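Fold and contact review
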Amino acid sequence: MSSLDIISMSFRNLLKRKLRTFLTITGVVIGTAAIIVMISLGLAVNAAFEDTIMQMGDIRVLTVRDPNAGMGGMRFVGGGSVIVSEAGTGSGRASSEMPPELDDDAVAAFNRLPNVQAVSPIVEIQLGAASGRYTNPWMRIRGVVPGTMEAFGYTLAEGQFLSGNPNSIVFGSEVGFNFTNPNDPNWWNNVDWDNRVSPVDFMNDRLELSFETGFGWGNAMGGQGQGTNTGPRPRPIRPHVDGILESRDWNVDSVAFMDIDDVLRIRREQQRYQNNEGQRQPGSNRNAPNVFDSVMVMAANANSVEAIRDEIVEMGFHVDSWFIDMLRSMQDMSRSLQLFLGAIGGVSLFVAAIGITNTMIMAIYERTREIGIMKVIGARIKDVKRLFLLEAILIGFLGGAFGVLLSLGISHLLNTFGGAATGGIGGMIGGIGTGTQLSIIPMWLIAVALGFSSLIGLASGYLPARRAMNLSALAAIRME
(Lines give C-alpha, C1' and ligand atoms only; values in the text may rest on other atoms or scores of the structure.)
Protein backbone atom coordinates (compact mmCIF):
# COMPACT_ATOMS: atom_id res chain seq x y z
CA MET A 1 0.00 0.00 0.00
CA SER A 2 1.22 3.45 -0.86
CA SER A 3 1.43 6.26 1.69
CA LEU A 4 -1.41 8.10 -0.08
CA ASP A 5 -3.65 5.01 0.22
CA ILE A 6 -2.92 4.77 3.94
CA ILE A 7 -3.66 8.48 4.49
CA SER A 8 -6.90 8.27 2.49
CA MET A 9 -8.09 5.17 4.38
CA SER A 10 -7.24 6.79 7.73
CA PHE A 11 -9.44 9.83 7.03
CA ARG A 12 -12.29 7.67 5.73
CA ASN A 13 -12.19 5.43 8.78
CA LEU A 14 -12.31 8.43 11.15
CA LEU A 15 -15.24 9.94 9.23
CA LYS A 16 -17.21 6.65 9.36
CA ARG A 17 -17.46 6.97 13.14
CA LYS A 18 -18.05 10.72 13.41
CA LEU A 19 -19.46 10.87 16.93
CA ARG A 20 -16.73 8.68 18.48
CA THR A 21 -14.03 10.58 16.62
CA PHE A 22 -15.54 13.91 17.66
CA LEU A 23 -15.69 12.98 21.33
CA THR A 24 -12.12 11.63 21.32
CA ILE A 25 -10.78 14.73 19.59
CA THR A 26 -12.74 16.90 22.04
CA GLY A 27 -10.86 15.30 24.93
CA VAL A 28 -7.54 16.17 23.26
CA VAL A 29 -8.78 19.71 22.57
CA ILE A 30 -9.60 20.28 26.23
CA GLY A 31 -6.32 18.78 27.42
CA THR A 32 -4.20 20.76 24.94
CA ALA A 33 -6.02 24.04 25.66
CA ALA A 34 -5.67 23.46 29.40
CA ILE A 35 -1.90 22.99 29.16
CA ILE A 36 -1.38 25.98 26.83
CA VAL A 37 -3.52 28.35 28.91
CA MET A 38 -1.93 27.26 32.18
CA ILE A 39 1.62 27.68 30.82
CA SER A 40 0.67 31.00 29.22
CA LEU A 41 -0.35 32.35 32.63
CA GLY A 42 3.06 31.40 34.01
CA LEU A 43 4.80 33.02 31.02
CA ALA A 44 2.82 36.23 31.63
CA VAL A 45 3.96 36.30 35.25
CA ASN A 46 7.58 35.74 34.16
CA ALA A 47 7.33 38.51 31.54
CA ALA A 48 5.89 40.85 34.17
CA PHE A 49 8.81 40.10 36.48
CA GLU A 50 11.37 40.74 33.73
CA ASP A 51 9.66 43.96 32.68
CA THR A 52 9.67 45.18 36.27
CA ILE A 53 13.40 44.53 36.56
CA MET A 54 14.05 46.25 33.22
CA GLN A 55 12.21 49.35 34.48
CA MET A 56 14.63 49.48 37.39
CA GLY A 57 17.65 49.13 35.11
CA ASP A 58 19.13 47.13 32.26
CA ILE A 59 19.94 43.65 33.62
CA ARG A 60 22.78 43.36 31.09
CA VAL A 61 24.70 46.13 32.88
CA LEU A 62 26.97 45.14 35.76
CA THR A 63 28.38 47.72 38.16
CA VAL A 64 31.86 46.83 39.38
CA ARG A 65 32.86 48.54 42.65
CA ASP A 66 36.32 49.48 43.88
CA PRO A 67 37.17 46.79 46.49
CA ASN A 68 39.48 49.27 48.26
CA ALA A 69 36.71 51.83 48.84
CA GLY A 70 35.78 51.93 52.50
CA MET A 71 32.22 51.87 53.80
CA GLY A 72 32.67 52.54 57.49
CA GLY A 73 34.34 49.37 58.78
CA MET A 74 33.66 47.39 55.62
CA ARG A 75 35.86 46.63 52.66
CA PHE A 76 34.71 44.86 49.53
CA VAL A 77 36.53 41.61 48.84
CA GLY A 78 35.62 39.54 45.81
CA GLY A 79 31.88 39.06 45.60
CA GLY A 80 31.16 40.07 49.20
CA SER A 81 32.64 42.09 52.05
CA VAL A 82 34.66 41.63 55.24
CA ILE A 83 35.10 43.61 58.43
CA VAL A 84 38.28 45.67 58.42
CA SER A 85 39.89 46.93 61.61
CA GLU A 86 43.03 48.89 62.40
CA ALA A 87 44.90 45.65 63.15
CA GLY A 88 43.81 43.87 59.99
CA THR A 89 40.94 41.86 58.59
CA GLY A 90 38.44 40.09 60.77
CA SER A 91 37.67 37.44 58.14
CA GLY A 92 38.21 36.65 54.50
CA ARG A 93 41.60 37.35 52.91
CA ALA A 94 44.68 38.06 54.94
CA SER A 95 45.53 41.71 55.44
CA SER A 96 48.68 41.35 53.33
CA GLU A 97 46.58 40.32 50.29
CA MET A 98 45.02 43.60 49.26
CA PRO A 99 42.24 43.70 46.63
CA PRO A 100 43.19 44.98 43.17
CA GLU A 101 42.75 48.60 42.10
CA LEU A 102 39.83 49.59 39.91
CA ASP A 103 42.07 51.39 37.44
CA ASP A 104 42.85 51.52 33.72
CA ASP A 105 44.37 48.02 33.82
CA ALA A 106 41.15 46.63 35.31
CA VAL A 107 39.07 48.37 32.63
CA ALA A 108 41.29 46.82 29.93
CA ALA A 109 40.87 43.38 31.55
CA PHE A 110 37.07 43.75 31.56
CA ASN A 111 37.15 44.69 27.87
CA ARG A 112 38.97 41.46 27.07
CA LEU A 113 36.30 39.24 28.63
CA PRO A 114 34.13 37.29 26.15
CA ASN A 115 30.59 38.56 25.46
CA VAL A 116 31.36 42.04 26.83
CA GLN A 117 29.75 44.68 24.62
CA ALA A 118 30.90 47.89 26.31
CA VAL A 119 32.90 49.06 29.33
CA SER A 120 32.95 52.53 30.87
CA PRO A 121 34.73 53.65 34.06
CA ILE A 122 32.62 55.86 36.31
CA VAL A 123 33.56 58.78 38.54
CA GLU A 124 30.84 60.64 40.43
CA ILE A 125 30.93 64.04 42.10
CA GLN A 126 28.31 66.41 43.45
CA LEU A 127 28.29 70.07 42.54
CA GLY A 128 26.14 73.04 43.33
CA ALA A 129 24.23 74.32 40.28
CA ALA A 130 22.52 77.65 39.60
CA SER A 131 20.46 78.95 36.69
CA GLY A 132 19.00 82.39 37.26
CA ARG A 133 17.03 82.29 40.48
CA TYR A 134 16.85 78.50 40.56
CA THR A 135 19.47 76.37 42.29
CA ASN A 136 20.30 72.74 43.03
CA PRO A 137 22.73 72.31 45.95
CA TRP A 138 23.69 68.68 45.24
CA MET A 139 23.55 67.86 41.56
CA ARG A 140 25.00 64.44 40.78
CA ILE A 141 27.57 64.46 37.98
CA ARG A 142 28.62 61.12 36.52
CA GLY A 143 31.78 60.97 34.44
CA VAL A 144 31.64 58.41 31.61
CA VAL A 145 33.58 57.59 28.46
CA PRO A 146 31.66 59.69 25.87
CA GLY A 147 31.52 57.08 23.11
CA THR A 148 29.85 54.46 25.32
CA MET A 149 26.56 56.21 26.04
CA GLU A 150 24.80 54.82 22.95
CA ALA A 151 26.30 51.39 23.58
CA PHE A 152 24.75 51.37 27.06
CA GLY A 153 21.34 52.04 25.57
CA TYR A 154 20.84 55.70 26.45
CA THR A 155 18.45 57.51 24.12
CA LEU A 156 18.10 61.24 23.50
CA ALA A 157 14.98 63.32 23.92
CA GLU A 158 16.75 66.43 22.70
CA GLY A 159 20.17 67.49 21.43
CA GLN A 160 23.11 65.09 21.10
CA PHE A 161 25.41 62.90 23.16
CA LEU A 162 28.63 64.26 24.67
CA SER A 163 30.30 66.19 21.87
CA GLY A 164 33.84 66.48 23.24
CA ASN A 165 33.61 70.23 23.88
CA PRO A 166 35.15 71.41 27.19
CA ASN A 167 32.76 70.65 30.08
CA SER A 168 30.17 69.03 27.78
CA ILE A 169 27.16 67.77 29.73
CA VAL A 170 24.05 65.69 29.05
CA PHE A 171 21.18 65.74 31.55
CA GLY A 172 18.92 62.93 32.71
CA SER A 173 15.22 63.58 32.19
CA GLU A 174 14.49 64.47 35.86
CA VAL A 175 17.56 66.50 36.85
CA GLY A 176 15.66 69.73 36.35
CA PHE A 177 13.02 68.71 38.90
CA ASN A 178 15.57 69.25 41.68
CA PHE A 179 16.00 72.95 40.88
CA THR A 180 14.10 75.24 43.25
CA ASN A 181 13.98 78.90 44.18
CA PRO A 182 15.72 79.15 47.59
CA ASN A 183 14.09 82.53 48.18
CA ASP A 184 10.57 81.12 47.78
CA PRO A 185 9.47 79.66 51.15
CA ASN A 186 6.28 78.26 49.55
CA TRP A 187 7.88 76.51 46.58
CA TRP A 188 6.87 73.09 47.95
CA ASN A 189 3.19 74.01 47.83
CA ASN A 190 3.50 75.52 44.34
CA VAL A 191 4.78 72.33 42.69
CA ASP A 192 2.33 70.26 40.63
CA TRP A 193 3.65 66.87 41.77
CA ASP A 194 1.53 64.94 39.26
CA ASN A 195 2.78 66.92 36.25
CA ARG A 196 6.23 68.13 37.22
CA VAL A 197 8.20 70.26 34.79
CA SER A 198 11.70 71.58 35.05
CA PRO A 199 11.90 75.30 35.92
CA VAL A 200 15.18 75.40 34.00
CA ASP A 201 15.50 75.08 30.22
CA PHE A 202 18.92 73.45 30.05
CA MET A 203 19.24 73.84 26.30
CA ASN A 204 18.74 77.62 26.41
CA ASP A 205 19.19 78.98 29.95
CA ARG A 206 22.56 79.92 31.37
CA LEU A 207 23.88 77.37 33.87
CA GLU A 208 26.78 77.55 36.32
CA LEU A 209 28.31 74.82 38.48
CA SER A 210 30.64 75.07 41.44
CA PHE A 211 32.03 72.90 44.20
CA GLU A 212 32.33 75.85 46.60
CA THR A 213 30.29 75.11 49.70
CA GLY A 214 26.99 76.99 49.71
CA PHE A 215 26.92 77.78 45.98
CA GLY A 216 23.89 75.62 45.29
CA TRP A 217 22.01 76.99 48.29
CA GLY A 218 21.65 80.37 46.71
CA ASN A 219 24.33 81.91 48.92
CA ALA A 220 27.05 84.14 47.64
CA MET A 221 30.38 82.50 46.92
CA GLY A 222 32.11 81.95 50.28
CA GLY A 223 29.01 83.08 52.16
CA GLN A 224 28.90 83.03 55.93
CA GLY A 225 27.87 79.85 57.66
CA GLN A 226 29.03 77.75 54.73
CA GLY A 227 32.70 77.44 55.63
CA THR A 228 35.64 79.81 55.38
CA ASN A 229 38.25 79.33 52.69
CA THR A 230 41.63 80.99 53.06
CA GLY A 231 42.70 80.35 49.47
CA PRO A 232 41.48 81.71 46.14
CA ARG A 233 37.81 81.15 45.42
CA PRO A 234 37.06 78.81 42.50
CA ARG A 235 35.62 80.22 39.32
CA PRO A 236 32.16 78.84 38.39
CA ILE A 237 32.12 76.12 35.76
CA ARG A 238 30.01 76.95 32.73
CA PRO A 239 29.06 73.63 31.10
CA HIS A 240 28.36 73.15 27.41
CA VAL A 241 24.89 71.54 27.35
CA ASP A 242 24.73 68.94 24.58
CA GLY A 243 21.43 67.17 25.20
CA ILE A 244 18.76 65.70 27.45
CA LEU A 245 18.09 61.97 27.74
CA GLU A 246 14.81 60.13 27.45
CA SER A 247 13.40 58.80 30.70
CA ARG A 248 14.93 55.41 31.52
CA ASP A 249 15.25 54.52 35.21
CA TRP A 250 15.92 56.24 38.53
CA ASN A 251 19.67 55.68 38.30
CA VAL A 252 19.88 57.58 35.00
CA ASP A 253 17.03 60.12 35.10
CA SER A 254 18.39 62.00 38.13
CA VAL A 255 22.01 62.21 36.94
CA ALA A 256 23.95 64.57 34.65
CA PHE A 257 26.68 63.02 32.48
CA MET A 258 30.07 64.51 31.59
CA ASP A 259 33.28 63.30 29.98
CA ILE A 260 35.17 61.34 32.63
CA ASP A 261 38.35 63.36 31.93
CA ASP A 262 36.49 66.59 32.74
CA VAL A 263 35.07 65.07 35.93
CA LEU A 264 38.50 63.86 37.07
CA ARG A 265 39.92 67.35 36.49
CA ILE A 266 37.05 68.95 38.42
CA ARG A 267 37.48 66.44 41.23
CA ARG A 268 41.17 67.25 41.59
CA GLU A 269 40.33 70.96 41.77
CA GLN A 270 37.58 70.16 44.26
CA GLN A 271 40.00 68.21 46.46
CA ARG A 272 42.56 71.02 46.48
CA TYR A 273 39.94 73.63 47.31
CA GLN A 274 38.10 71.66 50.00
CA ASN A 275 41.28 70.46 51.68
CA ASN A 276 42.12 74.13 52.09
CA GLU A 277 38.55 74.90 53.19
CA GLY A 278 38.52 72.15 55.78
CA GLN A 279 35.24 70.65 54.55
CA ARG A 280 34.41 67.88 52.14
CA GLN A 281 31.57 66.96 49.85
CA PRO A 282 30.68 63.40 48.80
CA GLY A 283 32.91 62.16 46.01
CA SER A 284 35.95 64.25 46.99
CA ASN A 285 37.80 61.64 49.05
CA ARG A 286 39.65 59.86 46.28
CA ASN A 287 43.35 60.54 45.77
CA ALA A 288 44.64 58.44 42.86
CA PRO A 289 43.53 60.06 39.57
CA ASN A 290 43.47 56.75 37.70
CA VAL A 291 41.32 54.88 40.26
CA PHE A 292 37.61 54.96 39.45
CA ASP A 293 34.58 54.90 41.72
CA SER A 294 33.03 52.09 39.68
CA VAL A 295 33.01 50.57 36.21
CA MET A 296 29.94 49.75 34.14
CA VAL A 297 30.21 46.56 32.11
CA MET A 298 27.51 45.69 29.56
CA ALA A 299 27.06 42.09 28.47
CA ALA A 300 26.19 41.29 24.87
CA ASN A 301 23.07 39.42 26.05
CA ALA A 302 21.24 38.56 29.25
CA ASN A 303 22.36 34.93 29.17
CA SER A 304 26.04 35.84 29.53
CA VAL A 305 25.63 38.25 32.47
CA GLU A 306 26.22 35.69 35.22
CA ALA A 307 29.33 34.24 33.54
CA ILE A 308 30.84 37.74 33.18
CA ARG A 309 30.00 38.55 36.80
CA ASP A 310 31.69 35.37 38.01
CA GLU A 311 34.86 36.12 36.03
CA ILE A 312 35.06 39.66 37.42
CA VAL A 313 34.54 38.38 40.96
CA GLU A 314 37.38 35.92 40.36
CA MET A 315 39.62 38.92 39.64
CA GLY A 316 38.90 40.15 43.19
CA PHE A 317 36.32 42.88 42.49
CA HIS A 318 32.88 43.39 43.95
CA VAL A 319 30.01 43.26 41.44
CA ASP A 320 26.53 44.59 42.18
CA SER A 321 24.30 41.67 41.20
CA TRP A 322 21.05 42.62 42.90
CA PHE A 323 19.16 42.79 39.59
CA ILE A 324 20.49 39.41 38.46
CA ASP A 325 19.80 37.69 41.77
CA MET A 326 16.32 39.17 41.97
CA LEU A 327 15.52 38.19 38.38
CA ARG A 328 16.78 34.63 38.89
CA SER A 329 14.71 34.32 42.06
CA MET A 330 11.63 35.55 40.20
CA GLN A 331 12.33 33.21 37.28
CA ASP A 332 12.68 30.23 39.62
CA MET A 333 9.35 31.10 41.21
CA SER A 334 7.77 31.58 37.76
CA ARG A 335 9.22 28.26 36.55
CA SER A 336 7.73 26.46 39.53
CA LEU A 337 4.39 28.12 38.85
CA GLN A 338 4.54 27.06 35.20
CA LEU A 339 5.33 23.47 36.14
CA PHE A 340 2.45 23.42 38.62
CA LEU A 341 -0.02 24.90 36.15
CA GLY A 342 1.27 22.69 33.34
CA ALA A 343 0.82 19.61 35.54
CA ILE A 344 -2.81 20.55 36.10
CA GLY A 345 -3.35 20.79 32.35
CA GLY A 346 -1.38 17.57 31.83
CA VAL A 347 -3.98 15.62 33.79
CA SER A 348 -6.58 16.56 31.18
CA LEU A 349 -4.29 15.50 28.35
CA PHE A 350 -3.55 12.20 30.11
CA VAL A 351 -7.28 11.50 30.28
CA ALA A 352 -7.49 12.35 26.57
CA ALA A 353 -4.67 9.88 25.85
CA ILE A 354 -6.69 7.12 27.57
CA GLY A 355 -9.63 8.10 25.36
CA ILE A 356 -7.50 7.74 22.21
CA THR A 357 -6.30 4.30 23.32
CA ASN A 358 -9.87 3.20 24.03
CA THR A 359 -11.05 4.48 20.64
CA MET A 360 -8.31 2.63 18.76
CA ILE A 361 -8.92 -0.65 20.65
CA MET A 362 -12.62 -0.44 19.87
CA ALA A 363 -11.81 0.25 16.23
CA ILE A 364 -9.66 -2.90 16.07
CA TYR A 365 -12.44 -5.04 17.54
CA GLU A 366 -14.96 -3.61 15.06
CA ARG A 367 -12.62 -3.92 12.09
CA THR A 368 -11.07 -7.31 12.77
CA ARG A 369 -12.58 -8.85 9.60
CA GLU A 370 -11.42 -5.82 7.59
CA ILE A 371 -7.88 -6.28 8.91
CA GLY A 372 -7.93 -9.96 7.89
CA ILE A 373 -9.10 -9.14 4.36
CA MET A 374 -6.38 -6.48 4.01
CA LYS A 375 -3.71 -9.05 4.92
CA VAL A 376 -5.17 -11.73 2.60
CA ILE A 377 -5.22 -9.43 -0.46
CA GLY A 378 -1.56 -8.52 0.06
CA ALA A 379 -1.31 -5.67 2.57
CA ARG A 380 1.96 -5.83 4.47
CA ILE A 381 1.95 -6.17 8.24
CA LYS A 382 3.71 -2.83 8.64
CA ASP A 383 1.03 -1.19 6.45
CA VAL A 384 -1.65 -2.32 8.92
CA LYS A 385 0.43 -0.89 11.77
CA ARG A 386 0.99 2.40 9.92
CA LEU A 387 -2.74 2.71 9.21
CA PHE A 388 -3.78 2.54 12.85
CA LEU A 389 -0.84 4.66 14.04
CA LEU A 390 -1.75 7.35 11.52
CA GLU A 391 -5.36 7.37 12.69
CA ALA A 392 -4.19 7.87 16.27
CA ILE A 393 -1.75 10.60 15.23
CA LEU A 394 -4.50 12.39 13.28
CA ILE A 395 -6.75 12.37 16.34
CA GLY A 396 -3.92 13.82 18.43
CA PHE A 397 -2.91 16.41 15.83
CA LEU A 398 -6.45 17.58 15.07
CA GLY A 399 -7.21 17.77 18.79
CA GLY A 400 -4.00 19.76 19.29
CA ALA A 401 -4.80 22.14 16.41
CA PHE A 402 -8.31 22.88 17.68
CA GLY A 403 -6.90 23.09 21.22
CA VAL A 404 -4.47 25.79 20.05
CA LEU A 405 -7.32 27.77 18.50
CA LEU A 406 -9.38 27.42 21.69
CA SER A 407 -6.44 28.50 23.86
CA LEU A 408 -5.81 31.55 21.65
CA GLY A 409 -9.46 32.54 22.11
CA ILE A 410 -9.27 32.05 25.88
CA SER A 411 -6.02 34.03 26.00
CA HIS A 412 -7.63 36.88 24.07
CA LEU A 413 -10.58 36.96 26.48
CA LEU A 414 -8.27 36.92 29.49
CA ASN A 415 -6.18 39.79 28.12
CA THR A 416 -9.30 41.78 27.16
CA PHE A 417 -11.53 41.25 30.18
CA GLY A 418 -9.39 39.35 32.68
CA GLY A 419 -7.91 42.37 34.47
CA ALA A 420 -11.32 43.67 35.55
CA ALA A 421 -12.70 40.20 36.25
CA THR A 422 -9.82 38.97 38.40
CA GLY A 423 -9.35 42.21 40.35
CA GLY A 424 -6.29 41.95 42.56
CA ILE A 425 -4.88 38.90 40.78
CA GLY A 426 -5.12 40.67 37.43
CA GLY A 427 -3.33 43.65 38.91
CA MET A 428 -0.61 41.44 40.33
CA ILE A 429 0.04 39.62 37.04
CA GLY A 430 -0.87 42.12 34.40
CA GLY A 431 -0.27 45.36 36.21
CA ILE A 432 3.47 44.91 36.59
CA GLY A 433 4.94 46.30 33.44
CA THR A 434 2.72 44.39 30.97
CA GLY A 435 -0.55 46.32 31.15
CA THR A 436 -3.54 43.96 31.29
CA GLN A 437 -1.79 41.03 29.60
CA LEU A 438 -2.57 38.00 31.74
CA SER A 439 -1.75 35.36 29.15
CA ILE A 440 1.16 35.12 26.70
CA ILE A 441 1.21 32.38 24.03
CA PRO A 442 4.46 32.49 22.01
CA MET A 443 4.88 30.59 18.73
CA TRP A 444 7.19 28.03 20.31
CA LEU A 445 4.43 27.05 22.76
CA ILE A 446 2.01 26.48 19.86
CA ALA A 447 4.58 24.35 18.03
CA VAL A 448 5.35 22.34 21.18
CA ALA A 449 1.63 21.81 21.87
CA LEU A 450 0.99 20.50 18.33
CA GLY A 451 4.00 18.21 18.48
CA PHE A 452 3.15 16.96 21.96
CA SER A 453 -0.50 16.24 21.13
CA SER A 454 0.60 14.32 18.01
CA LEU A 455 3.11 12.40 20.13
CA ILE A 456 0.35 11.58 22.62
CA GLY A 457 -1.72 10.20 19.74
CA LEU A 458 1.22 8.11 18.53
CA ALA A 459 1.92 6.73 22.00
CA SER A 460 -1.76 6.00 22.63
CA GLY A 461 -2.17 4.17 19.33
CA TYR A 462 1.03 2.13 19.49
CA LEU A 463 -0.28 -0.86 21.47
CA PRO A 464 -3.59 -1.09 19.54
CA ALA A 465 -1.62 -0.90 16.28
CA ARG A 466 0.64 -3.75 17.39
CA ARG A 467 -2.45 -5.77 18.29
CA ALA A 468 -3.86 -5.21 14.81
CA MET A 469 -0.52 -6.11 13.25
CA ASN A 470 -0.32 -9.42 15.14
CA LEU A 471 -3.83 -10.61 14.29
CA SER A 472 -3.95 -13.84 12.26
CA ALA A 473 -5.40 -13.18 8.80
CA LEU A 474 -7.46 -16.41 8.64
CA ALA A 475 -8.76 -16.02 12.19
CA ALA A 476 -9.67 -12.40 11.47
CA ILE A 477 -11.62 -13.37 8.32
CA ARG A 478 -13.66 -15.95 10.27
CA MET A 479 -14.60 -13.29 12.87
CA GLU A 480 -18.19 -12.01 12.60
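Residues numbered from 1 in each chain as written. Predicted model: local features only at pLDDT ≥ 70, side-chain atom pairs only at ≥ 80, totals over all residues. Heavy atoms only, no water.

A few points about the overall build of the protein chain
Selection criterion: To qualify as a helix, a DSSP run of H or I must reach at least 4 residues; to qualify as a strand, a run of E must reach at least 2; elements of each kind are numbered from the N terminus. Exposed residues in this analysis have more than 50% of their type's maximum accessible area, buried residues have under 20%, and partly exposed residues fall in between, with area computed by a 1.4 Å probe over protein chains only. Contacts are residue-level and defined by heavy atoms, with any inter-residue pair within 4.5 Å sufficient. Working definition of accessibility: Shrake-Rupley area with a 1.4 Å probe, residue cover restricted to the visible protein chains.
Within the protein chain one finds 13 helices and 13 strands. Counting only residues that meet the buried cut, the protein chain has 45% of its 480 residues in that class. Here the analysis covers contacts within the protein chain between residues at least 6 apart in sequence; of these, 79% occur between residues at least 24 apart. About 24,000 Å² of surface is accessible on the protein chain, with carbon and sulfur atoms providing 58% of the total.

Digging into helix α7 (residues 305–314)
Convention followed: To obtain the arc, one takes the directions from the helix axis to the C-beta atoms.
Those residues of α7 that sit buried are Val305, Ile308, Arg309 and Ile312. Taken down its axis, α7 places every buried residue within 100° of arc, on the same side. Downstream of α7 by a residue or two, glycine 316 has a phi angle that is positive, lying close to 105°.

Observations regarding empty space enclosed by the protein
Formally: The distinction between a cavity and a pocket rests on a 1 Å grid over the protein atoms alone: a 1.4 Å probe fits inside a cavity but cannot get out, while a pocket stays open yet meets protein on both sides within 12 Å along at least five of seven lines, and a residue with an atom within 4 Å of a point counts as lining. Grid points are joined across faces, edges and corners, and a volume is the space filled by probe spheres set on the points.
A full pass over the atoms with the stated rule returns two cavities of 30 Å³ or more. As a volume, the largest cavity reaches approximately 70 Å³. In this structure, the largest cavity is lined by Asn13, Leu14, Arg17, Arg20, Thr21, Thr359, Met360, Ala363, Arg367 and Glu391. If you list the elements that add at least two residues to the lining of the largest cavity, you get α1 (3–16), α2 (18–56) and α8 (322–366). The element best represented in the lining of the largest cavity is α8, accounting for three residues.

Quick word on a nonpolar patch on the surface
Cut-off, in case you're wondering: Like charges are joined within 9 Å and nonpolar side chains (Val, Leu, Ile, Met, Phe, Trp, Tyr) within 5 Å, but only among residues with over 30% relative accessible area and no salt bridge; these make up the patches. Every case where a carboxyl oxygen of Asp or Glu lies within 4 Å of a side-chain nitrogen of Lys or Arg is listed as a salt bridge.
On the surface, Trp444, Val448, Phe452, Leu455 and Leu458 cluster together into a nonpolar patch covering about 480 Å² of accessible area. What makes leucine 455 partly exposed here is its relative accessible area of 48%.

Describing the nonpolar core
Worth spelling out the cut-off: By nonpolar core we mean a set of buried residues, namely Ala, Val, Leu, Ile, Met, Phe, Trp, Tyr and Cys, connected to one another through side-chain atoms within 4.5 Å.
Counting 44 residues, the largest nonpolar core has Val64, Phe110, Ile141, Phe171, Phe202, Val297 and Ile312 as the members making the most contacts within it. With six residues, the single largest contributor to this core is strand β5 (residues 116–131). Contact partners of valine 297, with chain neighbours within four places excluded, come to Arg60, Val61, Leu62, Val64, Phe110, Val116, Ala118, Val119, Phe152, Ile308 and Ile312. The next biggest cluster of nonpolar side chains, apart from the first, holds 33 residues, and it includes Ile6, Met374, Ala392 and Ile446.

Here we look at the side chain of serine 120
Tracing the chain through its elements places serine 120 in strand β5. Using a relative accessible area of 0% as the deciding quantity, one classes serine 120 as buried. Setting aside residues no more than four positions away along its own chain, serine 120 makes contact with Val144, Val145, Thr148, Phe152, Val295 and Met296.

Topic: the confidence of the model for the protein chain
We count it as follows: A residue's pLDDT is the predictor's confidence in that residue, given on a scale from 0 to 100.
Across the protein chain, the average pLDDT comes to 76, with 75% of residues at 70 or higher. Counting contacts from residues 278–287, a segment whose pLDDT is below 50, to residues more than four positions away or on other chains yields 32 contacts.

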